[in-house]
Amino acid sequence: MTDDTRAVVLASGGMDSATAAYEAQTRGYDHLYLLHTSYGQNTEDREYDCASALADHVDAADFLHVETGHLTQIGASSLTDDSMDVADADTDSDEIPTSYVPFRNANLLSMAVSYAEANDCGAVFIGAHSEDFSGYPDCRPAFFDAFQGVIDAGTKPDTDIDLAAPFVEWSKTDIAERGVELGVPYEDTWSCYRDDEPACGTCDACAFRLEAFQRIGERDPIEYAERPTHAE
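These numbers come from a predicted model, not from an experiment. (Residues numbered from 1 in each chain as written. Predicted model: local features only at pLDDT ≥ 70, side-chain atom pairs only at ≥ 80, totals over all residues. Heavy atoms only, no water.)

Draft legend 1. Structural detail: the overall build of the protein. Within the protein, the regular secondary structure consists of eight helices and five strands. Seen in sequence order, the protein has helices and strands lined up from the N terminus as β-α-β-α-β-α-α-β-α-α-β-α-α. Taken over the C-alpha trace, the protein has a radius of gyration of 17 Å; the compact-globule value for 232 residues is 17 Å, and the two agree within 12%. With the C-alpha coordinates aligned to their principal axes, the bounding extent of the protein is approximately 50 × 40 × 30 Å. Split into buried and exposed, the 232 residues of the protein put 52% on the buried side. Expressed as a percentage of contacts within the protein between residues at least 6 apart in sequence, the contacts between residues at least 24 apart total 73%. Of the roughly 10,400 Å² of accessible surface on the protein, 44% is carried by carbon and sulfur atoms. Side-chain charges of the protein comprise 13 positive and 47 negative groups, with the mean position of each set lying 3 Å from the other. (Helix = DSSP H or I, 4+ residues; strand = E, 2+ residues; numbered from the N terminus. Rg over C-alpha atoms; globule rule 2.2 N^0.38 Å. Buried < 20%, exposed > 50% of the residue type's maximum accessible area, 1.4 Å probe, protein only. Contact = heavy atoms within 4.5 Å. Areas by Shrake-Rupley, 256 points an atom, 1.4 Å probe, with all protein chains shown as cover. Lys, Arg positive; Asp, Glu negative; His and termini not counted. Charge placed at Lys NZ, Arg CZ, Asp CG, Glu CD.)

Right, here's the structure in full:
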């Protein structure tokens, strides 16, 4: 029997998943189980530190760190393959970026659902949003709708797990605004695809993050090697 006060949150160490954790709490999920994965990404140590800090901030019921090195072995992403460069920001591009890790979210959600079912959790939260699915096919609303069907078909009859992507129709700016409202400790989050510290400021992830803070009139609390102006 699932418990509707318990939820798994996929905690990447980034601002979206941190905001999703705080959003889960506002929805009555008082017992959060945070799942963080290291898959050979360039900034995996910094991301782990941030995810661990988030677990402390939300007084998590549990924090599970899993090594998913098979994604590095599969490769084909600039996040995991040293032969591929992380591209400079192009926030207007409609192309799938080189930072796309093939079918990553299906891998992560599968582990999250296992973790949720083992702990009688009523939901799995993921912080994906609209600017993600413009570039990443495994962030589209249709993907999450389909994966909900997989959860329903592949778990025990008395298991009822809701796949929650609360920001799937939101922009990064919307998320930043909501996070500031909820008091999310963004100083303990990391988005940069290139560097552990300081953040580069020029990759796609840095650009979208800086743009979001600039649009809501807040200063991003992390350090950047460069801090370009992206907001118009």
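On we go from here.
Draft legend 2. Main features of the packing of aromatic side chains. With the rule as written, the count across this model stands at nine aromatic pairs. Between the aromatic rings of Phe-103 and Phe-143, the centroid separation amounts to 6.1 Å while the plane-to-plane angle is 75°, which identifies the pairing as edge-to-face. With a gap of 40 residues between them, Phe-103 in the loop between α3 (70-74) and α4 (104-118) and Phe-143 in helix α6 (residues 141-154) connect regions that are remote in the sequence. According to the relative accessible area criterion, Phe-143 is buried, its value standing at 12%. Between Phe-143 and Phe-147, the ring centres sit 5.8 Å apart and the planes meet at 45°, which makes this aromatic pair tilted. Linking Phe-143 with Phe-147, this pair stays in helix α6, spanning four residues, or about one helical turn. Classification of Phe-147 by relative accessible area gives buried; the value is 9%. Taken together, Phe-103, Phe-143, Phe-144 and Phe-147 form an aromatic cluster joined through their ring pairs. (Phe/Tyr/Trp six-rings, centres within 6.5 Å; stacked < 30°, edge-to-face > 60°.)

Draft legend 3. Layout of the pairing of strand β3 (residues 62-67). Bridge count for strand β2 (residues 31-38) against β3 is six bridges, and the pairing is parallel. Across the sheet, the residue bridging to Leu-35 is Leu-64, located in β3. (Pairing = 2+ DSSP bridges.)

Draft legend 4. Representation of the sheet that holds strand β4 (residues 121-125) within the structure. Taken together, five strands build an open sheet; the order of strands is β3-β2-β1-β4-β5 and the sheet is parallel. Among the strands making up the open sheet, the edge pair consists of β3 and β5 (162-164). Each strand axis lies, on average, 25° off the axis of its neighbour in the sheet, ignoring direction. With respect to the sheet, helix α2 (residues 44-57) is in contact with β2 and β3, its orientation differing from that of β2 by roughly 175°. (Axes fitted to C-alpha atoms, helices over the stretch in contact; angles between N-to-C directions.)

Draft legend 5. Structural view of a negative patch on the surface. Residues Asp-4, Asp-152, Asp-160 and Asp-162 make up a contiguous surface patch of negative charge. Examined against the element boundaries, Asp-4 turns out to sit in strand β1 (residues 3-10). (Patch = residues over 30% accessible without salt bridge, like charges linked within 9 Å, V, L, I, M, F, W, Y side chains within 5 Å. Salt bridge = Lys/Arg side-chain N within 4 Å of Asp/Glu carboxyl O.)

Draft legend 6. Highlighting the environment of Pro-228. Relative to the assigned elements, Pro-228 resides in the segment after α8 (204-215). Relative accessible area serves as the criterion here: at 24%, Pro-228 is assigned to the partly exposed category. Sequence spacing of Pro-228 and Gly-28 is 200 residues, and the spatial spacing of their C-alpha atoms is 38 Å. In contact with Pro-228, not counting residues within four places along its chain, are Gly-201, Thr-202, Leu-210 and Gln-214.

Draft legend 7. Representation of the packing of helix α1 (residues 15-26) against helix α7 (residues 172-182). Their axes nearest at 10 Å, the elements α1 and α7 cross at an angle of 50°. Taken together, the axis directions place α1 and α7 in an arrangement best described as oblique. α1 and α7 meet at a crossing whose hand is left-handed. Here α1 contributes Met-15, Asp-16, Thr-19, Tyr-22, Glu-23 and Thr-26 to the contact with α7, which in turn contributes Lys-172, Ile-175, Ala-176, Arg-178, Gly-179 and Leu-182. For the contact of α1 with α7, a count of residues per class yields five nonpolar, three polar and four charged. (Parallel < 35°, antiparallel > 145°, perpendicular 65-115°, else oblique. Left-handed = near helix turned anticlockwise from the far one by under 90°. Nonpolar A, V, L, I, M, F, W, Y, C, P; charged D, E, K, R; others polar.)

Draft legend 8. Quick peek at the pattern of salt bridges. All chains considered together, the criterion is met by eight salt bridges. Here Lys-172 and Asp-16 are joined by a salt bridge, their closest N and O atoms 3.0 Å apart. One end of the pair, Lys-172, is in helix α7; the other, Asp-16, is in helix α1, and 156 residues separate them in sequence. Among the residues examined, Lys-172 registers a relative accessible area of 8% and is labelled buried. Since its relative accessible area comes to 11%, Asp-16 is described here as buried. For Arg-178, the salt bridge identified is with Glu-23, shortest N-O distance 2.9 Å. Placement of Arg-178 in helix α7 and of Glu-23 in helix α1 is noted, with a sequence separation of 155 residues between them. The same class applies to Arg-178 and to Glu-23, which are both buried.

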